[in-house]
Amino acid sequence: MATTSDLEQSQLLTGALNKAPATDAQQMPLDVVRSRQRSPTTALLAAGLSGAALLLAGVALAATSSGRHGGGLRSAEEPVAASMPGLIEEAAVTPKCAVGRSNCKDSQCCEGSGLQCYEQDGNYAQCRVSCLAGVPDPQHWDSKPWSCRELGGRTAGEPACGKPGKNCSESQCCADPGLQCFAKHAFWATCKADCVAGGPDITDIDSTPWSCQKLGVRTPGAADWVKEECSSGWQNCIETKCCKLPGEQCHKQNDFFGECKPVDSLNLNSCNNTPGWSCEKLGLQTPALPVKGGTISPWAAQTCGRIDEECTESKCCLGMDVQCYEKAPGWALCMQSCVSGPHADDGNDTWSCTPLGPRSYGLPIQGPPSLFCFLVLRTVGYEVDLLTAQKAKGLGIFDCDDHMMLTADATIFIGDEQTVEFPGAPIVKSVDGTAGNTFLFVNAWKVIVGGPKWREHSFTVKVDPDAVFFPERLRWHVAAHNGEKVFVINCHRGDMIYGALEVFSFSAIQEWSIRAKECNTPNNYGEDKYMTQCMDHLGVARLRDESVLGDKLCHTFSGCGMGWNAAFHPFKDVGSWTQCWNEANNAKA
C-alpha cells in the first residue's frame, strides 16, 4: 500500500493540473473559459501533460509498493525524478502563445502577427492590436476597465485579420466587429455579415456560388453589458465613458458633460468643429453593426429577379429586403419572407421556403446604403429656382439613388423632368406657430407609398427644397442601420424630427404604409411633428442624431463648414444656397 505521504504527493500533482483560478467564467465565451481553466502555470499543458502527471503519480505509487515488497524497481527512498528524467523535462515545456481571446497572461506572447498581450487585471490578459487604459472595452464580455500593461513583446508584422473584399483564407479572422470569414471556394474567402451556401453574392465579381464554409470565429460586436451600463441619446457619458448605440463614442463638451456622438468607419465624427465643445474622446467607440448590402455587380443587375419574379436559376433578387425562396426543386420566387407549409395565395400548395441566395438590401447606384429622396415644392416662386439650379448640377436629391418631385394639384417641369401631382390641402397655423401642413404632406406620402420606387431602397428621405443636402454624408450616418426599423430624431427642441431632412428606414415606411390610419392626424400640427408621433405609435425605433442636420430653426446650425452635417437649412435663394454648398463641399468632417 502507498503511504499517506505518497497519496498526498499524487493528489497535489494531479490537483495542481486541474485547478482553475476563480473567475467570472459565467460571462465568458466557452473557448475562453477553457483557456483560463487550462492556464499553463496551473495546468502545465492541459490534457496531454495531465496524462503525463497521472502516469508519474501511478509510477510513484507502484514503485513505492514494489520496493517495499521486494519487486526491485527502485527503493522507496529513490526519487521519481531520478528514474524518469525525460518525462519531467516534457512537463516543463514552455507555455504556448495565446490564440484569439484566450488568456495570454502566463505565456505573455501572441500567435498572430502584429499583436501585443495587454493586461486587463490580475487574472486576465488578451492579445490585441491596441488598448486604451482605464476604460472598459465594449467588445469584451465584462465592463471591467483595462490596465493595458504590456506583457512581453509585440509579435512582428502587420495584423493579419482580413477586411471585406480581402482574402481571409489564411488568417481565418476578420478585423471588423460582427464579421465572419466565409469561404467561396478553396482559394478565396472574405469577411461578410452573412452568407447563403450554394447561392451567389450579388456584390461579388461573378455569379459563382459560395460554399459559405466558416473559417475561424465571428469577430465579436458589442457585449451584452453595453446596453445596460452605457449612455445614449443626450445623456451625460462623462462617468460611463461608453455608449449604448452602435458606432457611437463619448465626446467631451467640458469636464462636466459629454455626449455620445456617431463616428463612422473612416473616423469622421459629428463633434469636430462644434462650437463650445472640446470634442475629446472618452473611452472606446461602441462597435458599429456590420454594414449590410453593397454596390450591385453588373452581372447581378442583369440576371437577378425583382420582387415576385422567378429566381430559380439566378438564385438572387434585387430590391430592398428581398430574397430568393424555393417552393420545390425547379421553382423559386423573390419574396420578402416565406413560411414553409401551404400557401393560400398559391392554391394551398406546399412551399419548402428554402433560401437559395442572399438577402438584398437595396439598389445602391451611387453607393450603399441606397437612398430614395423626394421633396414637395410650390409651382411658382423661389423653390422652382432652387430646384432648377440643383437639377442642372445633379445636386441635392438628384444625387440620390432615385428621387421624386411632387407638386399639389398641378405639375410643372424642372429642367426636363416633370413633377408628380398629388391632391392639395389647406395649410393652417400650427400649435407651435409654424405651418400646419399635416393633411397636405400626408397626401404626398400616400402618393410615395403607392408607387414602387421607395420599395427598392434602404432609406426614404424627405428633403425641403431650401435645404443644402449631401446624400453621401447621410450614408455615413445611417449605413450601420440598414435593415433596421428606425427613423432619425434630428433636433433636441421638442425631441422630434425637423422637417428639412426626414430620414426613415425601409421597414419604417413599410409600417406606415400598412398602419397609417392608426395615427392621429390633426391639421394644426406640422408634418414633422405628426410623423414623429406616428412613428412612435407604430413602434419604430428612434435613432437620435442631431448632427445629421445643421438647422437654424433648431439652433443646430453653426456654419456650412461642418463637414459631418448631411444638410444645412434654410437657404432661400440660389446665391446663398450655392455659397453654402461650396463652403460645405470644401469642408472636411
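Residues numbered from 1 in each chain as written. Predicted model: local features only at pLDDT ≥ 70, side-chain atom pairs only at ≥ 80, totals over all residues. Heavy atoms only, no water.

Engineer: Explain the overall build of the protein chain here, please?
Structural biologist: A tally of regular secondary structure across the protein chain gives 14 helices and 29 strands. Expressed as a percentage of its 589 residues, the buried residues of the protein chain come to 49%. Long-range contacts, defined here as pairs at least 24 residues apart, represent 59% of the contacts in the protein chain between residues at least 6 apart. (Helix = DSSP H or I, 4+ residues; strand = E, 2+ residues; numbered from the N terminus. Buried < 20%, exposed > 50% of the residue type's maximum accessible area, 1.4 Å probe, protein only. Contact = heavy atoms within 4.5 Å.)

Engineer: Any chance you could explain the nonpolar core here in plain terms?
Structural biologist: For soluble globular proteins, nonpolar side chains are generally found buried alongside one another. Counting 45 residues, the largest nonpolar core has Val-461, Phe-469, Leu-474, Leu-501 and Phe-568 as its most contacted members. At four residues, helix α14 (residues 574-586) tops the list of elements feeding residues into this core. Core analysis: the second largest hydrophobic core is formed by 32 residues, Phe-506, Ile-509, Met-535 and Val-540 among them. (Core = buried A, V, L, I, M, F, W, Y, C linked by side-chain atoms within 4.5 Å.)

Engineer: Before we go on, may I ask you to explain the pattern of salt bridges in this structure?
Structural biologist: Charged atoms that come close allow side chains of opposite charge to pair. A complete count under the given rule lists 30 salt bridges for this structure. Ionic pairing is found between Asp-349 and Lys-327, a salt bridge with its closest N-O pair at 2.9 Å. Residue Asp-349 is found in strand β13 (residues 349-351), and its partner Lys-327 is found in strand β10 (residues 320-328); the two are separated by 22 residues along the sequence. With relative accessibility at 34%, the residue Asp-349 sits in the partly exposed group. When the shortest N-O distance is used, the salt bridge between Lys-391 and Glu-417 registers 3.1 Å. With a gap of 26 residues between them, Lys-391 in helix α9 (residues 382-393) and Glu-417 in strand β19 (residues 417-418) connect regions that are remote in the sequence. Taking the relative accessible area as the measure of exposure, Glu-417 reaches 17% and is therefore buried. One salt-bridge network, held together by shared partners, links Lys-485, Glu-511, Arg-515 and Glu-518. (Salt bridge = Lys/Arg side-chain N within 4 Å of Asp/Glu carboxyl O.)

Engineer: Help me understand the packing of helix α10 (residues 438-450) against helix α13 (residues 527-537), please; the structure alone is not making it clear to me.
Structural biologist: Between two packed helices, the angle of one axis relative to the other and the distance separating the axes together describe the packing. Contact pair α10 / α13: the axes reach a minimum separation of 8 Å and the direction vectors enclose 65°. Facing α10, whose interface residues are Thr-438, Phe-441, Val-442 and Trp-445, α13 presents Glu-527, Tyr-530 and Met-531. Tallied by class, the residues present in the contact of α10 with α13 amount to five nonpolar, one polar and one charged. (Axes fitted to C-alpha atoms, helices over the stretch in contact; angles between N-to-C directions. Nonpolar A, V, L, I, M, F, W, Y, C, P; charged D, E, K, R; others polar.)

Engineer: Even after reading the chapter, I still don't get the side chain of Ser-505, so can you show me in this structure?
Structural biologist: In this fold, Ser-505 is placed in strand β26 (residues 501-505). Leave out the neighbours within four places in its chain, and Ser-505 touches Ser-458, Phe-459, Glu-484, Lys-485 and Val-486.

Engineer: How should helix α11 (residues 471-478) be read in this particular structure?
Structural biologist: Every α-helical turn comprises 3.6 residues, leaving residues that sit three or four positions apart pointing alike. Most of α11 is tucked away, with six of its eight residues classed as buried. When α11 is considered as a whole, its buried residues turn out to be Pro-471, Arg-473, Leu-474, Arg-475, His-477 and Val-478.

Engineer: Sorry, what's going on with the environment of Thr-286 here?
Structural biologist: One can find Thr-286 in the loop between β9 (281-282) and α8 (298-303). When the C-alpha atoms of Thr-286 and Glu-248 are compared, they prove to be 5.6 Å apart, with 38 residues separating the residues in sequence. The residues contacting Thr-286, other than those within four sequence positions of it, are Pro-138, Ala-222, Val-226, Cys-243, Lys-244, Leu-245, Pro-246, Gly-247 and Glu-248. Side-chain polar atoms of Thr-286 contact the backbone oxygen of Cys-243, separated by 2.4 Å. (Polar contact = N/O pair within 3.5 Å; in protein donor to acceptor, adjacent residues only side chain to side chain.)

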